[in-house]
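# Analysis of the macromolecular model
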Amino acid sequence: MRIDILTLFPEMFACVLNTAIFKRATERENVRINVHNFREYTHDRHHTVDDYPYGGGAGMVLKPEPLFEAVDAIKTETQGEGVQPVPVILLSPQGRLFSQQVAAELARQSHLILICGHYEGVDERVVEHLATDEISIGDYVLSGGELAAMVVADAVVRLVPGVLGSDVSAIDDSYATGLLEYPQYTRPPEYQGWSVPEVLLSGNHAIIARWRREQALFRTLKRRPDLLDRANLSEQDKRLLSKK
Ligand code: ADE
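Rules of the game
Residues numbered from 1 in each chain as written. Predicted model: local features only at pLDDT ≥ 70, side-chain atom pairs only at ≥ 80, totals over all residues. Heavy atoms only, no water. Pairing = 2+ DSSP bridges. Helix = DSSP H or I, 4+ residues; strand = E, 2+ residues; numbered from the N terminus. Buried < 20%, exposed > 50% of the residue type's maximum accessible area, 1.4 Å probe, protein only. Phe/Tyr/Trp six-rings, centres within 6.5 Å; stacked < 30°, edge-to-face > 60°. Lys NZ or Arg CZ within 6 Å of the ring centre and 35° of its normal.

With respect to topology, three strands assemble into an open sheet ordered β3-β4-β7, the strand pairing being mixed. Here the strands that pair on one side only, and so sit at the sheet edges, are β3 (50–51) and β7 (121–122). Sheet analysis places β3 next to strand β4 (residues 61–62), joined by two bridges and oriented antiparallel. Across the sheet, D50 pairs through a bridge with L62, a residue of β4.

Our next topic: unusual backbone geometry. Cis geometry marks the peptide bond from R187 to P188; its omega dihedral reads 5 degrees. Secondary-structure assignment places P188 in the loop between α6 (146–157) and β9 (190–191). One non-glycine residue, A20, lies in positive phi territory at about 45 degrees. Topologically, A20 is positioned in helix α2 (residues 20–27). When its relative accessible area of 58% is taken as the criterion, A20 is described as exposed. At H47, a residue that is not glycine, the phi angle is positive and equals roughly 50 degrees. Mapped onto the fold, H47 is located in the loop between β2 (32–37) and β3. On the basis of relative accessible area, H47 is assigned to the partly exposed category, the value being 39%.

Going through the model one piece at a time under the given rule, you end up with one aromatic pair. Relative to W194, the ring of Y191 has its centre 6.2 Å away and its plane inclined at 50 degrees; by these criteria the two rings are tilted. What makes W194 exposed here is its relative accessible area of 57%. Between the NZ or CZ atom of K244 and the centre of the ring of F218, over which it lies, the distance is 4.4 Å.

The following block contains the structure:
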């Protein structure tokens with residue numbers, strides 16, 4: 001998988017991309033992440049990337065030309081590498097809401113281009129004629145798309161086969177199953193008088209699996225009942241929930 005990120009603040013990505021999952025993913029070479037400063041695609045003396053909005057109003061708007069040229073340069077460089085058209089995703093509070101399903105959908109692509117918006121907005125021609133998708137990471141306004149791009153890249157990269165230590169670790173994640181994750185414990189078996197549930201020390205994998213499923217169901221019912229409508233529930237799951 002290759003991810004190209006277009007931003008005016010490439011330095012924001014240095015630490016994140018050199019740590020933990022991203023570092024391992026890129027070192028193992030199944031993931032390549034390139035951060036580009038789209039200011040480099042300006043041609044005037046002042047390297048202007050934004051301008052006043054037509055019609056007046058506060059704030060500045062990102063100009064279309066540097067973004068179109070930057071995407072063009074990336075597409076030219078990668079021409080012939082893949083047959084699918086490359087998704088060009090604008091991070092913005094106006095986009096469709098990001099979720100584990102969207103992350104899984106993006107993880108099936110071999111190449112993504114992420115555009116980080118800034119200031120009051122981006123010229124609408126970028127939205128209409130350059131971006132193929134617009135994604136928001138939540139109903140709040142960030143000061144730029146950079147943190148959103150990191151969130152999207154993180155959630156996507158960890159789903160790329162081989163990136164996590166073991167491919168099963170992503171399967172039980174909250175949201176991957178449509179349910180919140182069951183509680184986890186590690187040693188010591190007792191800490192400040194609080195014990196690890198007996199069942200987890202039993203060594204009986206069938207009983208442990210049933211307990212985990214129950215916990216995931218009850219936790220989801222209590223904290224995020226809205227998720228249960230969309231979760232894949234067995235008859236046994238439904239019986240368990242009806243007793244609560
Ligand atoms: N840029 C500003 N706010 C954002 C959000 N909520 N999601 C994605 N990009 C953004």
